[in-house]
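Fold and contact review
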Amino acid sequence: MSDLTEVFTAFTESVSLNTVEYPTENEPPEVTSEATENVPPNETTISLKSVPREPIVESTGIVHPEVTSKSTESNPTMLVVPSTESAPSEVTTKPTGGVVPGPELITKARDDAINLNRAFAGWGCDEATIINILARAKTETYRTLICQEYKNKFSEDFDNRLSKQLMLSADVKRALLLWKDDSASRDAKLVKHGLSKNLNVAIEVICSRTPSQLEGLKKAYRTMFTTYLDEDIESHAQGDNKRLLVAYAGAIRSESPEVDAVMVEKDAKDLFKDGEWRLGTNEETFIRIFSERSGAHLAAINSAYRKMFVNSLKKAVKKETSSKFKCALLTILQCAENPGKYFAKALHKAMDGIGTDDETLTRIIVSRAEVDIEKIKEEYLKKYGKSLSDDVHEDTSGNYRAFLISLLNPNA
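Residues numbered from 1 in each chain as written. Predicted model: local features only at pLDDT ≥ 70, side-chain atom pairs only at ≥ 80, totals over all residues. Heavy atoms only, no water.

Per an unreviewed UniProt entry, the chain goes by Annexin and derives from Rhododendron simsii. Recorded in UniProt under Sequence similarities (unreviewed entry), the annotation for the chain is "Belongs to the annexin family." (UniProt positions renumbered as here; feature names shortened; annotations may be inferred.)

**As for the overall build of the chain**
Across its full length, the chain holds 21 helices and 2 strands. Every one of the 412 residues in the chain was classed for burial, and the buried ones make up 51%. Partitioning the contacts of the chain with sequence separation of at least 6, the portion at a separation of at least 24 is 72%. When the accessible area of the chain is evaluated, it comes to approximately 19000 Å², of which 51% is carbon and sulfur surface. (Helix = DSSP H or I, 4+ residues; strand = E, 2+ residues; numbered from the N terminus. Buried < 20%, exposed > 50% of the residue type's maximum accessible area, 1.4 Å probe, protein only. Contact = heavy atoms within 4.5 Å. Areas by Shrake-Rupley, 256 points an atom, 1.4 Å probe, with all protein chains shown as cover.)

**Description of the pattern of salt bridges**
Throughout the structure, instances matching the rule amount to 29 salt bridges. Here Glu 156 makes a salt bridge to Lys 164, at a shortest N to O gap of 2.8 Å. Here Glu 156 falls in the buried class, since its relative accessible area comes to 19%. One salt-bridge network, held together by shared partners, links Asp 159, Lys 180, Asp 181 and Lys 189. (Salt bridge = Lys/Arg side-chain N within 4 Å of Asp/Glu carboxyl O.)

**Digging into the packing of helix α6 (residues 170-179) against helix α18 (residues 358-368)**
Relative to each other, α6 and α18 sit at 30°, their axes nearing to 10 Å. The pairing of α6 with α18 is recorded here as roughly parallel in orientation. Crossing angle aside, the handedness with which α6 passes α18 is right-handed. Touching Asp 171, Arg 174, Ala 175, Leu 178 and Trp 179 of α6 are Asp 358, Glu 359, Thr 362, Arg 363 and Val 366, all from α18. (Axes fitted to C-alpha atoms, helices over the stretch in contact; angles between N-to-C directions. Parallel < 35°, antiparallel > 145°, perpendicular 65-115°, else oblique. Left-handed = near helix turned anticlockwise from the far one by under 90°.)

**A closer look at unusual backbone geometry**
The residue Val 310 is not glycine, and still its phi comes out positive at about 70°. Relative to the elements of secondary structure, Val 310 occurs in the loop between α14 (295-309) and α15 (313-320). A positive phi angle is found at Ser 323, which is not glycine, with a value near 55°. Tracing the chain through its elements places Ser 323 in helix α16 (residues 323-337).

**Topic: α14**
Its 15 residues place the ends of α14 21 Å apart at the C-alpha level, agreeing with the 21 Å of an ideal helix rising 1.5 Å per residue. Taken together, the buried positions of α14 are Ala 296, His 297, Leu 298, Ala 299, Ala 300, Ile 301, Asn 302, Ala 304, Tyr 305 and Phe 309. Two residues or fewer after α14 comes Val 310, characterised by a positive phi angle close to 70°. (Expected span 1.5 Å × (residues − 1).)

**Observations concerning the packing of aromatic side chains**
Two descriptors summarise a pair of aromatic rings, namely the distance from one centre to the other and the angle between the planes of the rings. Inspection of every chain in the model, using the stated rule, returns 13 aromatic pairs. Ring geometry for Tyr 150 versus Phe 158: centroids 5.3 Å apart, planes at 70°, classification edge-to-face. With a relative accessible area of 2%, Phe 158 lands in the buried category. On the numbers, 6.3 Å between centres and 25° between planes, the contact of Phe 286 with Phe 290 is stacked. Residue Phe 286 and its partner Phe 290 are both found in helix α13 (residues 283-292); the two are separated by 4 residues, about one turn of the helix. Overall, Phe 286 belongs to the buried group, its relative accessible area being 1%. Taking NZ or CZ as reference, Arg 143 lies 3.7 Å from the ring centre of Trp 179, over its face. When the ring centre of Tyr 228 is taken as origin, the NZ or CZ atom of Arg 222, which lies over that ring, is 4.2 Å away. (Phe/Tyr/Trp six-rings, centres within 6.5 Å; stacked < 30°, edge-to-face > 60°. Lys NZ or Arg CZ within 6 Å of the ring centre and 35° of its normal.)

**Topic: the packing of α13 against α16**
A packed helix pair is summarised by two numbers, namely the angle formed by the two axes and the spacing between the axes. Contact pair α13 / α16: the axes reach a minimum separation of 11 Å and the direction vectors enclose 30°. Crossing hand, α13 versus α16: left-handed. Here α13 contributes Glu 283, Phe 286, Ile 287 and Phe 290 to the contact with α16, which in turn contributes Phe 325, Leu 329, Ile 332 and Leu 333. When grouped by side-chain class, the residues that make up the contact of α13 with α16 number 7 nonpolar, no polar and 1 charged. (Nonpolar A, V, L, I, M, F, W, Y, C, P; charged D, E, K, R; others polar.)

**Overview of the nonpolar core**
Residues Val 191, Phe 290 and Leu 313 are the most contacted members of the largest nonpolar core, which totals 98 residues. Per element, the largest residue contribution to this core is 8 residues, and it comes from α16. Filtering out sequence-adjacent residues up to four positions away, Val 191 remains in contact with Ala 202, Val 205, Ile 206, Leu 217, Tyr 221 and Leu 229. (Core = buried A, V, L, I, M, F, W, Y, C linked by side-chain atoms within 4.5 Å.)

**Here we look at the side chain of Arg 368**
Assignment of secondary structure puts Arg 368 in helix α18. Excluding residues within four positions of it along the chain, Arg 368 makes contact with Arg 209, Pro 339, Phe 343, Ile 373 and Ile 376.

**Description of the side chain of Glu 149**
Inspection of the secondary structure assignment puts Glu 149 in helix α4 (residues 140-154). Discounting residues that sit within four places of it in the chain, Glu 149 has contacts with Ile 106, Ala 109, Arg 110 and Ala 113.

**Structural notes on the environment of Ile 289**
As for its placement among the helices and strands, Ile 289 is situated in helix α13. For Ile 289, a relative accessible area of 0% corresponds to the buried category.

**Description of the environment of Val 191**
By the secondary structure assignment, Val 191 is in helix α7 (residues 183-197). Spatially, the C-alpha atoms of Val 191 and Ile 203 are 8.0 Å apart, while their sequence positions differ by 12 residues.

**Concerning the state of the cysteines**
In the structure shown here, the tally under the stated rule is 0 disulfides. In this structure Cys 327 is not part of a disulfide, and its nearest cysteine sulfur, from Cys 207, lies 7.7 Å away. Since its relative accessible area comes to 26%, Cys 327 is described here as partly exposed. Considering cysteine sulfurs only, Cys 207 is the nearest to Cys 335, which forms no disulfide, with 8.3 Å between them. (Disulfide = S-S within 2.5 Å.)

In structure tokens form, the structure reads like this:
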């Protein structure tokens, strides 16, 4: 059993946390002269200072993705959960404004739970049926409902049952354990594993997520591991990389596409002055700007930097920094500009050459399937002249291949 699978088997309660997914601009935003530093956060931007360090109560309710909860003055930390789906017959509105799954959806989830249990039973297991059922569970809301119905019916946590199914192949089990979780819980588990086993995984997850996604991650992390993310970063990371990760995870950043042209120019000059211009690098300047500025602002800095100093900011980072610190800075910068392109390159690297990095392949496809997988596919085809689905099909096999392909082509 892999280290990552062990992290997943340590928890038998599924955390239902709602996070906000935002579309990302494909090109660096147009720089405007309108300053945004003094603009208060929008309704989905959460201030770290507004969340007291108290034990976080685990959420067990099901919230249908169609329904939004807007923030109010009495509860500034509530999130807006957008969705393009519409299933009015599947939810019932409570007098309090909350929602519960409708009877048809509950019945469907219960039937899926029963069929999953049948697939587990007997000598071996029906791996194809398990994959087929879970692959059709396209929303984290519905997957959470299946897990709840499984526990209600069979008095056992679904993830625990899945984890101890010895006849499931390692690759399939890893993928299904990742997929069954809501996005915040999944990210929390990936970061926990990464901090202790593979720091590059923790860097990828932390530095590629939006501010609102990071808030969900931190809440889930606290609930599941009874510690704060920044405390674990302090314990496992080192030097400049540690300072950057702590600052990035804790900073308040806007998700607005607007930027301040004057500040963009100043930041570009500061990075040049404390990087390429001098002997040695002032890492604190890089940490401050990369952790505090919005994605749109960083993309604008990169554009301004190239115009003023010939080199791109990406080349400057590669030249002036090293090791994990360089990796984190590049992840932040590339995901600010074009996360689809960043993940397309990571997927290609996982399949390039002899052998396949199945953990990376699974992690990225599963975690981006409900975020921007179509954009990743576009960027992959543009850069490598071949479809991502075709390369995954060539590099994988069996039911593992079938599951990944189903996530890449959800409408097939």
